[in-house]
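# Topology and contacts: notes
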Amino acid sequence: MQQRRDRVQWVYAAKNNRELEERYDEWADEYDRDLREEFDWIAPRATVGLFGKYVAQDAKILDAGVGTGLVGECLIGAGYHDLHGIDLSMRMLDMARRKAMYRELRQMTLGEALDFADDTFDAVVSVGVFTTGHAPAHAFHELIRITRNGGHILFSLKTELHEEGFGQYLDDLETAGEWSLVGRSERYRPMPKGEPEVEHQVWVYRVGEYQMGDV
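What you are looking at is a predicted structure, and each value in this text was computed from that prediction instead of being measured.

## Describing helix α8 (residues 159-175)
Of all the bends in α8, the greatest measures close to 65 degrees and is centred on Gly-165. Looking only at α8, the buried set comprises Thr-159, Leu-161, Phe-166, Gly-167, Leu-170 and Leu-173. At its buried positions, α8 is contacted by α7 (140-145), β5 (147-158), β6 (179-184) and β7 (200-207). At the C-terminal side of α8, Gly-177 shows a positive phi close to 80 degrees.

Spelled out as structure tokens, the structure:
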């Protein structure tokens, strides 16, 4: 059990994207089991639980930081089927591909330019990706670019990270008219078994300037 918990900290301690990719490649075979059995990872269903209010069933959705497809499992269960995914780890993508849920899976790194045209997706979801040593806040620029005007970006974020700087970055994007905050969850514990002290929230932004009556 302790080895599984140590593995999470080992991943967080990666010094660069190359090292992070290698560590996720190594973890991929046991990733689902570790998160479900050791941590009781509930962030995917907490995030997808907000989809019905904001995202149409026929939406074209990007799972940004798809991992092994745990978010995709929840989306399929909620009736969404036009799913696409990206991740920096090819081995994690291989595990997601075995589940046969995504129309397209490609290796890309959040924080770098994404190989999609403007306005490609109706919605983007990212769970457990904007966190320590992973996707930087400036990655939201590319996610906004590839989401159509009026589309939505839903993501989970550790509460302390929001308070320590992410929140200001998100607010600055709103001030610039890039998106507007339309919803957020209550604080919750995404890993009640493994790390019960950690709290997250799910944030929902609408791409494009806010219009009265949108919320």
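## Quick look at the nonpolar core
Ranked by size, the top nonpolar core spans 40 residues in total, and within it Phe-51, Val-55, Ile-61 and Leu-75 carry the most contacts. Contributing elements (two or more residues each) for this core: α2 (17-39), α3 (43-48), α4 (51-54), α5 (70-77), α6 (90-98), β4 (121-126) and β7. Ranked by residue count, the leading element in this core is α2, at seven residues. If sequence neighbours within four positions are ignored, Val-55 has contacts with Ile-61, Tyr-80, Ala-123, His-152 and Leu-154. If you look at the next biggest cluster of nonpolar residues, it comprises 29 residues, including Ala-64, Leu-110, Ala-139 and Phe-155.

## Regarding the packing of aromatic side chains
Per the counting criterion, the structure on display carries 13 aromatic pairs. Arranged with centres 4.7 Å apart and planes meeting at 50 degrees, the rings of Phe-140 and Phe-155 form a pair that is tilted. You can see Phe-140 sitting in helix α7 and its partner Phe-155 sitting in strand β5, a full 15 residues away along the chain. Phe-155 carries the same exposure label as Phe-140, and that label is buried.

The rules behind the values
Residues numbered from 1 in each chain as written. Predicted model: local features only at pLDDT ≥ 70, side-chain atom pairs only at ≥ 80, totals over all residues. Heavy atoms only, no water. Bend = angle between axes of the 7 residues up to and from the residue. Helix = DSSP H or I, 4+ residues; strand = E, 2+ residues; numbered from the N terminus. Buried < 20%, exposed > 50% of the residue type's maximum accessible area, 1.4 Å probe, protein only. Contact = heavy atoms within 4.5 Å. Core = buried A, V, L, I, M, F, W, Y, C linked by side-chain atoms within 4.5 Å. Phe/Tyr/Trp six-rings, centres within 6.5 Å; stacked < 30°, edge-to-face > 60°.

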